[in-house]
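The lines below spell out each chain.
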Amino acid sequence: MMRAGLRRGIPLGAGLMALATASMAGELIPLAACGPLQRPYDTVEIPASTLRGFGRTPIVQFGVLAVRGGKLAPIPFQVDERVGRKLVMLDGPEPMPDDRPGVFDWDDLVVAMACDTGERASAETVTAAVGARAGLRLWSEVRIADPLDHRTGYIYVVAAEQPPHTDQRYVEYDAARDLVRSAVYEIGSSNTLPTHLALALGQPMTGNLLDGVRLRADATLWPNLLHWSISERDGRHKMLAWRVGPVRVVRRTEHHVNIGLGINISAGTAHTYFTARGVFGPGSLKLPFSPAVFFSDITAFAGADMRDLKGWRYRAGGTPAAGFTIDGATDGAEKAFAGKGDWFVLEQADRALLVQAVLSENLAASVPLVPVYVDDASRLAPPEAIPGSVPRVGFRGAGLQKLQAGRYTFQLRVAGMYPYHAGDEAAFLKQSTVSLTAEVSARWPLVSASATPR
């Protein structure tokens, strides 16, 4: 668990180094087989408002347990401190401190993997497992429910002088190289944008499979006076801060692009969440006025150029059932491909990388996305580190100038799937639209119904 706050008398630099070292401590493990909830890509966030009675508890006194195989044992978790709705991040060029570091406040979250939930335990079992010697103060049973299949799982949040604890972790972060690792992937970035992707997924870790992220846009100014083509290299990308725990790594970055004539397009501040088997990137766009005031046409592409994927297969809405074989050469079926939907899969044998782009209803209504696939080793589309698209994958949206003033949201979800069989993505796609619910179903000692976290 990441511990926030610095002791008095410790120089700031030394304190930050100690925090960074602590965040990397512990054994990096793969996510085990799921318990009652078949949600290997989702975290559970339990807000302080749910955990009545835990207010003002030092975070170092927290523990989280689950029953697996009849045994109640600690599971990896972290407490993400917040100020209001903003996540506290102590590390980075522009850190955001907490107003009360190291103490569980009304706006903080307890975070665990949904997959780690277990069966229900009796009050006697929980109390005995922590033990009197640990200085148990209280515990809460949290019931996690999946509205899709109506399954439920349980975890137990405890507060004790010496809480049960595990040093195991699912993710770690190398800040010097901007590299996130889990047992099944490595993602490294340069200038905040990913340039390195390696996958394990039941096999030895591959080499780098990513040439680079591609963010391309074409815009025409009314009335067809000027035309711009911009790429990811035309943007200004800045690392702001990060937070590291055993369950997830969170990076906060900032992105802008100036297309000339004093017109600055900002994607604002982005947060990227890295967990045991996947990456989650929520985002939002606020337009003070419609781009149609200036532009007659805007088309954008967001995706990636891959490398060393020959022999893999690509599947998406609109491909044949077996998908396309990636070989660096475009055949007739690939040339005629007219993608549809908000997802695609890159698969090899029984492992796969699934990518989904989820748009808010108002954004999807104006700018429906289509999946893009280009398999051509001879194709040149600079800037590229390695020429060719083997393959280029992503999503294209046309008619962005039609957007009206307002706020739009979107999500990028990436999942490493193993073992994988064609069609397994269906469950993931459904789960992306339905959130888990969490409620406290039992407490010890009993807390007054009127009590709230302080």
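From a predicted model like this one, the values you see are computed outputs, not experimental measurements.

Rules and cut-offs
- Residues numbered from 1 in each chain as written.
- Predicted model: local features only at pLDDT ≥ 70, side-chain atom pairs only at ≥ 80, totals over all residues.
- Heavy atoms only, no water.
- Helix = DSSP H or I, 4+ residues; strand = E, 2+ residues; numbered from the N terminus.
- Rg over C-alpha atoms; globule rule 2.2 N^0.38 Å.
- Buried < 20%, exposed > 50% of the residue type's maximum accessible area, 1.4 Å probe, protein only.
- Contact = heavy atoms within 4.5 Å.
- Areas by Shrake-Rupley, 256 points an atom, 1.4 Å probe, with all protein chains shown as cover.
- Core = buried A, V, L, I, M, F, W, Y, C linked by side-chain atoms within 4.5 Å.
- pLDDT = per-residue confidence, 0-100.
- Salt bridge = Lys/Arg side-chain N within 4 Å of Asp/Glu carboxyl O.
- Pairing = 2+ DSSP bridges.
- Axes fitted to C-alpha atoms, helices over the stretch in contact; angles between N-to-C directions.
- Disulfide = S-S within 2.5 Å.

The subject of this paragraph is the overall build of the chain. Regarding its fold elements, the chain presents five helices and 28 strands. For 454 residues, the compact-globule estimate of 2.2 N^0.38 gives 22 Å, and the C-alpha radius of gyration of the chain, at 24 Å, lies within 12% of that figure. Here the chain, with 454 residues, has 52% of them falling under the buried criterion. At a minimum sequence separation of 6, the contacts of the chain that also span at least 24 residues come to 70%. Of the roughly 20,700 Å² of accessible surface on the chain, 56% is carried by carbon and sulfur atoms.

Generally speaking, a soluble globular protein has its nonpolar side chains buried in company with each other. With 35 residues, the main nonpolar core has Tyr185, Leu199, Met306, Tyr314, Phe344 and Leu346 as its most contacted residues. Those residues in contact with Leu346, other than ones at most four positions away along the chain, are Met306, Leu309, Trp312, Arg313, Tyr314, Ile326, Arg351, Ala352, Leu353, Pro391 and Val393.

Looking now at the confidence of the model for the chain. The pLDDT averaged across the chain works out to 88; a share of 90% of its residues lies at or above 70. Confidence over residues 1–24 falls short of pLDDT 50; this stretch has 34 contacts with residues more than four positions distant or in other chains. Every residue in residues 447–454 scores below 50 in pLDDT, and together they form 18 contacts with partners more than four places removed in sequence or on other chains.

Counted according to the given criterion, the structure contains 23 salt bridges. For Arg151, the salt bridge identified is with Asp149, shortest N-O distance 3.8 Å. Shared partners join several salt bridges into a network, and the residues in it are Asp211, Arg214, Arg216, Glu232, Asp305 and Arg392.

The next thing to look at is the environment of Arg133. Following the sequence through the fold, Arg133 ends up in the loop between α2 (123–130) and β8 (136–146). The spacing of Arg133 and Lys402 is 269 residues in sequence and 65 Å in space, taken between C-alpha atoms.

All right, on to the sheet that holds strand β28 (residues 437–444) then. As summarised here, the arrangement of the five strands in space is β3-β2-β9-β8-β28, forming an open sheet in which the pairing is antiparallel. Whereas interior strands pair on both sides, the edge strands pair on one side only; in this sheet they are β3 (71–74) and β28. Averaged over all pairs of adjacent strands, the angle between strand axes in this sheet comes to 30°, irrespective of strand direction. Examined bridge by bridge, strand β2 (residues 62–68) and strand β9 (residues 151–160) share four bridges and lie antiparallel to one another. By the bridge assignment, Leu65 is partnered in β9 with Tyr156. Contacting β3, β8, β9 and β28, α2 runs over the sheet at an angle of about 130° to β8.

This part is about the state of the cysteines. For the structure on display, the rule yields one disulfide. Put simply, Cys34 and Cys115 are joined by a disulfide, and their sulfur atoms are 2.0 Å apart. As the torsion about the S-S bond is roughly -115°, the Cys34-Cys115 disulfide counts as left-handed. One end of the pair, Cys34, is in the loop between α1 (12–24) and β1 (43–47); the other, Cys115, is in the loop between β7 (109–113) and α2, and 81 residues separate them in sequence.

Here three strands make up an open sheet; going across it, the order is β1-β7-β4 and the pairing antiparallel. Looking at the sheet topology across the chains shown, the edges are occupied by β1 and β4 (78–80). Going from strand to strand, the sheet's axes swing by 30° on average, the running direction of each strand aside. Bridge count for β4 against β7 is three bridges, and the pairing is antiparallel. Considered in β7, the bridge of Asp80 is made with Leu109.

Looking now at unusual backbone geometry. A cis amide bond links Val390 with the next residue in sequence, Pro391, at an omega value of -15°. Looking at the secondary structure, you find Pro391 in strand β26 (residues 389–398). Cis peptide bonds are those with omega within 30 degrees of zero, and the linkage from Tyr418 to Pro419 qualifies with -10°. Relative to the helices and strands, Pro419 is located in the loop between β27 (406–417) and α5 (425–431). Backbone geometry places His150, a non-glycine residue, at a positive phi of 65°. Within the secondary structure, His150 is located in the loop between β8 and β9. A residue is classified by how much of its surface remains accessible, and His150, at 67% relative accessible area, is exposed. Although it is not a glycine, Ala349 sits at a positive phi angle of roughly 55°.

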